[in-house]
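# Coordinate analysis (summary)
Here is what each chain is made of, one letter per residue.
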Protein chains: 2
Amino acid sequence: MITSTVENYVKQIYLQQQEDPTSLLPMGKLASAMKVVPGTATAMVKTLSDSGLVDYEPRGGIRLTHGGEQLALHVLRRHRILELFLVDVLGLDWSEVHEEAETLEHAVSDKVLERMDKLLNHPQVDPHGDPIPTAKGQIRKVRLIPLSEFAPDTAAEIARVADQDPAFLQFAEKNGLIPGVGLSLLGRDVHADSVTVRLENDVTVTLGGKAAEKILVRAATE
Amino acid sequence: MITSTVENYVKQIYLQQQEDPTSLLPMGKLASAMKVVPGTATAMVKTLSDSGLVDYEPRGGIRLTHGGEQLALHVLRRHRILELFLVDVLGLDWSEVHEEAETLEHAVSDKVLERMDKLLNHPQVDPHGDPIPTAKGQIRKVRLIPLSEFAPDTAAEIARVADQDPAFLQFAEKNGLIPGVGLSLLGRDVHADSVTVRLENDVTVTLGGKAAEKILVRAATE
DNA sequence: AATAGAAGTTTGAGGAATCAAAGAAGGGGG
DNA sequence: CCCCCTTCTTTGATTCCTCAAACTTCTATT
Ligand SMILES: [Mn+2]
Ligand SMILES: [Mn+2]
Ligand SMILES: [Mn+2]
Ligand SMILES: [Mn+2]
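Attention in this report is confined to the structure presented alongside it. (Residues numbered from 1 in each chain as written. Chains lettered and ligands numbered in written order. Predicted model: local features only at pLDDT ≥ 70, side-chain atom pairs only at ≥ 80, totals over all residues. Heavy atoms only, no water.)

### A word on the nonpolar core
Counting residues in hydrophobic clusters, the biggest one holds 34 residues, and the most contacted among them are Leu90 of chain A together with Leu90 of chain B. Of all the secondary structure elements, the ones that give two or more residues to this core are α4 (66–88), α5 (97–104) and α6 (110–119) of chain A together with α4 (66–88), α5 (97–104) and α6 (110–119) of chain B. Sequence-distant contacts of Leu90 of chain B, that is, excluding residues within four places in its chain, are made with Phe85, Val112, Arg115, Met116 and Leu119 of chain A together with Phe85 of chain B. (Core = buried A, V, L, I, M, F, W, Y, C linked by side-chain atoms within 4.5 Å. Buried < 20%, exposed > 50% of the residue type's maximum accessible area, 1.4 Å probe, protein only. Helix = DSSP H or I, 4+ residues; strand = E, 2+ residues; numbered from the N terminus. Contact = heavy atoms within 4.5 Å.)

### Focus: the relation of the copies chain B and chain A
There are two copies of the chain, and a rotation about an axis plus a shift along that axis relates them. You can overlay chain B on chain A at an RMSD of 0.1 Å; the transform is a turn of 180 degrees with a shift of 0.0 Å along its axis. In short, the pair behaves as if placed about a two-fold rotation axis. In terms of proximity to the rotation axis, the leading residue of chain B is Ala107 of chain B, whose C-alpha is 3.3 Å off the axis. Taken as a fraction of all interface residues of chain B, those also at the interface in chain A reach 100%, which identifies the copy contact as same-surface. (Least-squares fit on C-alpha atoms with pLDDT ≥ 70 in both.)

### Topic: the protein's contact with DNA strand C
Contacts to DNA strand C come from 19 residues, most closely from Thr3 of chain A together with Gly28, Thr42, Lys46 and Tyr56 of chain B. In the environment of DNA strand C, a phosphate oxygen lies 2.3 Å from a nitrogen or oxygen atom belonging to the side chain of Lys46 of chain B. Those elements that provide at least two residues to the surface near DNA strand C are α1 (4–19) and α3 (38–50) of chain A together with α2 (27–33) and α3 (38–50) of chain B. Here the surface near DNA strand C gets four residues from one element, more than from any other, and that element is α3 of chain B. Here the surface near DNA strand C is composed, by residue class, of nine nonpolar, six polar and four charged. (Near = heavy atom within 4 Å. Polar contact = N/O pair within 3.5 Å; in protein donor to acceptor, adjacent residues only side chain to side chain. Nonpolar A, V, L, I, M, F, W, Y, C, P; charged D, E, K, R; others polar.)

### A few points about α3 of chain A
Residue and element names in this part refer to chain A. In this model α3 runs 19 Å from its N-terminal to its C-terminal C-alpha over 13 residues, within 8% of the 18 Å that 1.5 Å per residue would give. Taken together, the buried positions of α3 are occupied by Ala41, Met44, Val45 and Leu48. Projected down its long axis, α3 shows its buried positions confined to an angular sector of 105 degrees, all on one face. The inward-facing, buried residues of α3 abut α1, α2 (27–34), β1 (54–57) and β2 (61–64). (Expected span 1.5 Å × (residues − 1). Arc of directions from axis to C-beta.)

### What about the sheet that holds strand β5 (residues 182–189) of chain B?
All names here are of chain B. Strand order in the open sheet formed by six strands is β3-β8-β4-β5-β6-β7, with antiparallel pairing between adjacent strands. Taken across any chain shown, the strands that pair with only one partner, and hence form the sheet edges, are β3 (145–146) and β7 (204–208). Strand direction decides the pairing type here: strand β6 (residues 194–199) and β7, joined by five bridges, are antiparallel. Across the sheet, Val197 pairs through a bridge with Val205, a residue of β7. (Pairing = 2+ DSSP bridges.)

### Regarding the interface of chain B and chain A
Listed by partner, the interface residues are 18 residues for chain B and 18 residues for chain A. Here chain B and chain A share two salt bridges between them. Lys111 of chain A is the partner of Glu96 of chain B in a salt bridge, and the nearest nitrogen-oxygen pair spans 3.0 Å. On inspection of chain B and its partner chain A, the count reaches eight residue pairs in polar contact (both at pLDDT 80 or more). Looking at the side of chain B that touches chain A, the elements with two or more residues in it are α4, α5 and α6 of chain B. (Salt bridge = Lys/Arg side-chain N within 4 Å of Asp/Glu carboxyl O.)

### Points about the coordination of the manganese ion (ligand 1)
Residue and element names in this part refer to chain A. Taken together, the protein ligands of the manganese ion (ligand 1) are His79 (NE2), Glu83 (OE) and His98 (ND1), with distances of 2.1 to 2.3 Å. Sequence spacing among the residues donating to the manganese ion (ligand 1) works out to H-x3-E-x14-H. Linking His79 in helix α4 with His98 in helix α5, this pair joins segments that are 19 residues apart in sequence. (Donors = N, O, S within 2.8 Å, 3.2 Å for Na, K, Ca; no water.)

### Considering the coordination of the manganese ion (ligand 2)
Residues and elements named next belong to chain A. Coordination sphere of the manganese ion (ligand 2), protein contribution only: Asn8 (OD1), Glu102 (O), Glu102 (OE), Glu105 (OE) and His106 (NE2), at 2.0 to 2.4 Å. On the primary sequence, the residues serving as donors to the manganese ion (ligand 2) are separated as N-x93-E-x2-E-H. One end of the pair, Asn8, is in helix α1; the other, His106, is in the loop between α5 and α6, with 98 residues separating them in the sequence. Given a relative accessible area of 21%, Asn8 falls into the partly exposed group.

Okay, structure coming up:
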């Protein structure tokens, strides 16, 4: 049986793998992402391997099989549709839906999920701008540029806010840093580790490098 | 921690207790309702007793404490609001929502639940006519009369369909036996174990005693 | 009263997920 | 080239929920 623990591990392996798609994911990375001790991760990975969801090289690392990746994308689809549903239909704040979706993603049936998808008009992205995999396990991988690496004097639009921490999301919202908002980069100060942008409503915001990395933009499409 | 297993047991104890509120609920009844062997029920009831959710008399039976009853009502509220939400907002059929709600009732937070409640305009009953407990644990106990005991030649209205079996619910729907529908009793045949009713759309339906027991009516309020 | 049967309890065991702590591997720095 | 430190694996235990099967208690019926 696919327990919700298995779903959580597989989803996390997928997300961690995205960070560095070329090499095997080390045990330690997985263990800390899952907030378990390394021994627990080793034990769990063995059962995932027995179920054919990951390829496991002892002392080398792990990688999702095709089946594992399909499962991960399915869980991710549930998670992201739920987040959007909670925001758009039930009116929750975008800063609090991640936690809710973390539980609900294991409880909604496909039938319910597809009803939500329909009601939301088959959305492409969740409230944070993360792409929603299709029911068939397709995911659109768009190349986005972190604000920290963005070229000055170019019109751009916020596409994604890559952090689920409610406190950061509340900060972002308060400062108008939400997907769909247009902006242009005013300047960058390497020594100060900062970037300054002007939003479409003419408000100016300065962010440190850490924060600027989490705001992903795309060249404005006008 | 209150696991979903505990929630399911407590809810089931509450429902079984309603069938015969005067006496203690015997272990065997609980075990078969939960579809576990008697030993499992005994073990679980001990932990419920340790948590202060039930009073347990070995070899006598069990009864919910006040705390246990509050928990049961809370779970029941989640279950029934979810059922209504699934029917009214997502458009699922009333015959299939019980199963869905059985899982979701353990996954939705109070915050999400109260948003659903608001969106549904603080409903009093679920799609099957079962009363929805309030957030404070109040439940309206209405005296309803099973069709099998109803007096002839009186106008009445279907208030509840007391069965969750999808097949029965589909049958009921097909025959117009759903909450809110008016009817009058045409006749009863004790030897045939049957009752015949005329619905408000002038269709006539004959039910055996078993089925007639599940259709609960109230005197028409005109 | 004696006892057969039903109902309930106990015991022993197993699967899932976890942790603590001990042990093994192996890749640099000396 | 070796040993040391980090990373990983193994082992032994625990909690939760479950079953099978043996055992106990109580009731009812002769
Ligand atoms: Mn999320
Ligand atoms: Mn989750
Ligand atoms: Mn139900
Ligand atoms: Mn349930």
